Amino acid sequence: MTAIAFSQISGLIKSIAVAVPDQLDCDGCFNLAAEFADAELRGIELPNALNAVQIHLNQCPCCAYEYQALLEAVHAAEDNPDTNPDTNPDTNPDTNPGTNSEVNPGL
Amino acid sequence: MNDLQQAEPDGWLCRLQADEAVRDLAIEQLRNYLVRGLSRSLSHRYGGRVQAEDIAQVALLKILNSLNSFQQRSRFETWAMSIAIRVGISELRKRHYRDVSFDINSGGDQFQIEVTDTTADDIEELNHRQHLLTLLQRLIDETLSDKQRLAIRGTLAGLPVEEIASRLNSNRNAIYKLLHDARLRLRLGFENHGITAEDLSTLFA
């Protein structure tokens, strides 16, 4: 018998509910992620060829998580050129343990 | 003016393959760019137990070895950051799940679902949910392959695809496909019993 938290079974059921055919695997998504991110960051309408990326992201929590991390990183690199991780309390894990504790199981 | 603005927007490829002085400066600028992004983006993920500088260094090697595969469909910086983020998150996942003891193979490929905590507004909703869970159990038992059951078990334990792949000596693409096919099969199974995707989403919102 496997005891399962409601949140986990709920996650599985939701992933079943949104399951549709997916042309991409994770590597295929990764290969198009930068182009997809640029379109989103610049507010450009997505070319049809990139619709497959959105379909994959909707169904793959790992890729979706990495994609969100990519958007955040590009924003940070370009919007905060002077950010110094050693001195900025928002980004320094040693001085901001609160943000450090976030864990995303299953991502 | 930051490093990026100083660099020619389309000049990364040329500069990264130029003579030593130009190349070294370009590498340093790219490294700084990656560190800025990684510092912010990775610090709050999975406990942030990596140094952005270390990840940037590993990523730089990958990037420099993959310049031929950059197809210029995106900005170079975004492409490079996508590589760095994948390196960083993979490392974070490895470190995080190294401490999670769950033997995906224990008990074989058969398992019974027992939901430990549940919330429902009324008894009718609870009964609906229980009915769906019983059906889910049946569909898992009757329509999935042994490998699919193992992968689903890993998912229910909260493991990411990458970690399930590692524990099953497989790779991320193969496990994603295995799980995706399993979900499609389960969805079809529910539909054959008159249960729509909307029903599922509503009852397990």
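(A) Representation of the overall build of chain B in the model. Tallying secondary structure elements over chain B gives 10 helices and one strand in all. Secondary structure of chain B in N-to-C order comes out as α-α-α-α-α-β-α-α-α-α-α. Classification of the 205 residues of chain B by burial places 52% in the buried group. Across chain B, contacts joining residues at least 24 apart in sequence account for 69% of those joining residues at least 6 apart. Carbon and sulfur atoms make up 48% of the accessible area of chain B, which amounts to about 10,100 Å² in all.

(B) Summary view of unusual backbone geometry. Residues and elements named next belong to chain B. With a phi angle near 60°, Gln 72 is a residue other than glycine that sits in the positive phi range. By secondary structure assignment, the location of Gln 72 is in the loop between α4 (52-65) and α5 (76-98). For Gln 72, a relative accessible area of 58% corresponds to the exposed category. Phi is positive for Asn 169, which is not a glycine, with a value near 50°. Relative to the helices and strands, Asn 169 resides in the loop between α8 (161-167) and α9 (172-192).

(C) Quick look at the packing of helix α3 (residues 20-42) of chain B against α4 of chain B. Residue and element names in this part refer to chain B. Contact geometry of α3 with α4 gives a least axis separation of 9 Å together with a crossing angle of 130°. In terms of orientation, α3 lies oblique with respect to α4. Crossing angle aside, the handedness with which α3 passes α4 is right-handed. Here α3 contributes Arg 23, Ile 27, Leu 30, Arg 31, Leu 34, Val 35, Leu 38, Ser 39 and Leu 42 to the contact with α4, which in turn contributes Ala 52, Glu 53, Ile 55, Ala 56, Gln 57, Leu 60, Ile 63 and Leu 64. For the contact of α3 with α4, the per-class residue count stands at 12 nonpolar, two polar and three charged.

(D) Spatial organisation of the packing of aromatic side chains. Counted according to the given criterion, the structure contains seven aromatic pairs over all chains. Ring centres 5.4 Å apart and planes at 80° place the aromatic pair Tyr 65 of chain A and Tyr 46 of chain B in the edge-to-face group. Here Tyr 65 of chain A is found in helix α4 (residues 61-79), whereas its partner Tyr 46 of chain B is found in the loop between α3 and α4 on a different chain. Ring geometry for Tyr 46 of chain B versus Tyr 97 of chain B: centroids 6.2 Å apart, planes at 70°, classification edge-to-face. Of this pair, Tyr 46 of chain B sits in the loop between α3 and α4 while Tyr 97 of chain B sits in helix α5, and the two are 51 residues apart along the sequence. Considered together, Tyr 46 of chain B and Tyr 97 of chain B belong to a single accessibility category, that of buried residues. Just above the ring of Phe 204 of chain B sits the side chain of Arg 129 of chain B; from NZ or CZ to the centre is 5.7 Å.

(E) Geometry of the pattern of salt bridges. For the structure shown, the criterion picks out 19 salt bridges over all chains. Between Asp 99 of chain B and Arg 49 of chain B there is a salt bridge, and its shortest N-O distance comes to 3.5 Å. On the criterion of sequence distance, the pair formed by Asp 99 of chain B in the loop between α5 and β1 (113-115) and Arg 49 of chain B in the loop between α3 and α4 is long-range, its members being 50 residues apart. Note that Glu 163 of chain B and Arg 167 of chain B form a salt bridge whose closest N and O atoms lie 2.8 Å from each other. A residue pair is termed a helical-turn pair when its members lie 3 or 4 positions apart in one helix, as Glu 163 of chain B and Arg 167 of chain B do in helix α8 at four residues. The class for Arg 167 of chain B is buried, based on a relative accessible area of 19%. Overlapping salt bridges, with partners in common, bring together Asp 27 and Glu 66 of chain A together with Arg 86, Arg 93, Glu 162 and Arg 172 of chain B in one network.

Thresholds applied
Residues numbered from 1 in each chain as written. Chains lettered and ligands numbered in written order. Predicted model: local features only at pLDDT ≥ 70, side-chain atom pairs only at ≥ 80, totals over all residues. Heavy atoms only, no water. Helix = DSSP H or I, 4+ residues; strand = E, 2+ residues; numbered from the N terminus. Buried < 20%, exposed > 50% of the residue type's maximum accessible area, 1.4 Å probe, protein only. Contact = heavy atoms within 4.5 Å. Areas by Shrake-Rupley, 256 points an atom, 1.4 Å probe, with all protein chains shown as cover. Axes fitted to C-alpha atoms, helices over the stretch in contact; angles between N-to-C directions. Parallel < 35°, antiparallel > 145°, perpendicular 65-115°, else oblique. Left-handed = near helix turned anticlockwise from the far one by under 90°. Nonpolar A, V, L, I, M, F, W, Y, C, P; charged D, E, K, R; others polar. Phe/Tyr/Trp six-rings, centres within 6.5 Å; stacked < 30°, edge-to-face > 60°. Lys NZ or Arg CZ within 6 Å of the ring centre and 35° of its normal. Salt bridge = Lys/Arg side-chain N within 4 Å of Asp/Glu carboxyl O.

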